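Per-entry structural report
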Amino acid sequence: MAASGLQLLGFFLSLVGVAATAAATVMVDWKKLVQGKHRSYEGLWMSCGGVQDRATCEIYHSFIKLPDEIQATRIALPLSLFLSALAMLVSTVGMKCTHFMDGASQSKSVTAMIGGIMFMLSGLLTIIITSWFVKVVLQNFYDSPPLIRSEFGNAVFVSWAGGLLTLTGGAFLSCRRCATKSSMSISSSRLLPTSDPKSNYV
């Protein structure tokens, strides 16, 4: 039961992380530029600009003309989401709370571990590409004139959180040693002899 609960916790954390990564992928404020009352935002798929609530957005029509950091992030995050989708399928088959592969407990445990490792790779990819995006934005910030200095937006923090949650959930899912220790402790506690205090009296 302890191993099943740990797997469920890891799967739930991974799902929340994937949802955050998906939200960050479609968010428009990866980069922002504030010039008085005018604000402009750059996302992975479109850019928006305007004065306060009056903003207009335009979808990118050319992938080649985009900055390198947006191109790389636009490729990496959907790849991370695709890897997470595969990890969901594999983990669902391997988790103890499901009825798939009930006759092969060892293979079922290995399948859950593989799904957890896939979640970890997905989260790690999200964290790496987001950190590189922030590094490039900061370099451009210090190298650009003050009037055109772009900063990273809130989508960066959402992406970091999504990658970290996915990585943590995958670590719980892939922890076979934790599951083994918990099952061994439960079985050993059942095998321990119990002494009746009344047997000490004659």
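Residues numbered from 1 in each chain as written. Predicted model: local features only at pLDDT ≥ 70, side-chain atom pairs only at ≥ 80, totals over all residues. Heavy atoms only, no water.

In this structure, W30, L44, I70, L77, F133 and V156 are the most contacted members of the largest nonpolar core, which totals 14 residues. Elements with a minimum of two residues in this core: α2 (68-94), α3 (105-143) and α4 (154-173). Of all the elements, α3 adds the most residues to this core, at four residues. Contact partners of V156, with chain neighbours within four places excluded, come to W30, T130, F133 and V134. Membership of the second largest hydrophobic core comes to seven residues, among which are V18, M95, M118 and L173. (Core = buried A, V, L, I, M, F, W, Y, C linked by side-chain atoms within 4.5 Å. Buried < 20%, exposed > 50% of the residue type's maximum accessible area, 1.4 Å probe, protein only. Helix = DSSP H or I, 4+ residues; strand = E, 2+ residues; numbered from the N terminus. Contact = heavy atoms within 4.5 Å.)

Bringing the confidence of the model for the protein chain into the picture now. On average, residues of the protein chain carry a pLDDT of 80, and 77% of them reach 70 or more. Confidence, read as mean pLDDT per element, is least for helix α5 (residues 176-191) in the protein chain (46) and greatest for α4 (92). Every residue in residues 179-195 scores below 50 in pLDDT, and together they form three contacts with partners more than four places removed in sequence or on other chains. (pLDDT = per-residue confidence, 0-100.)

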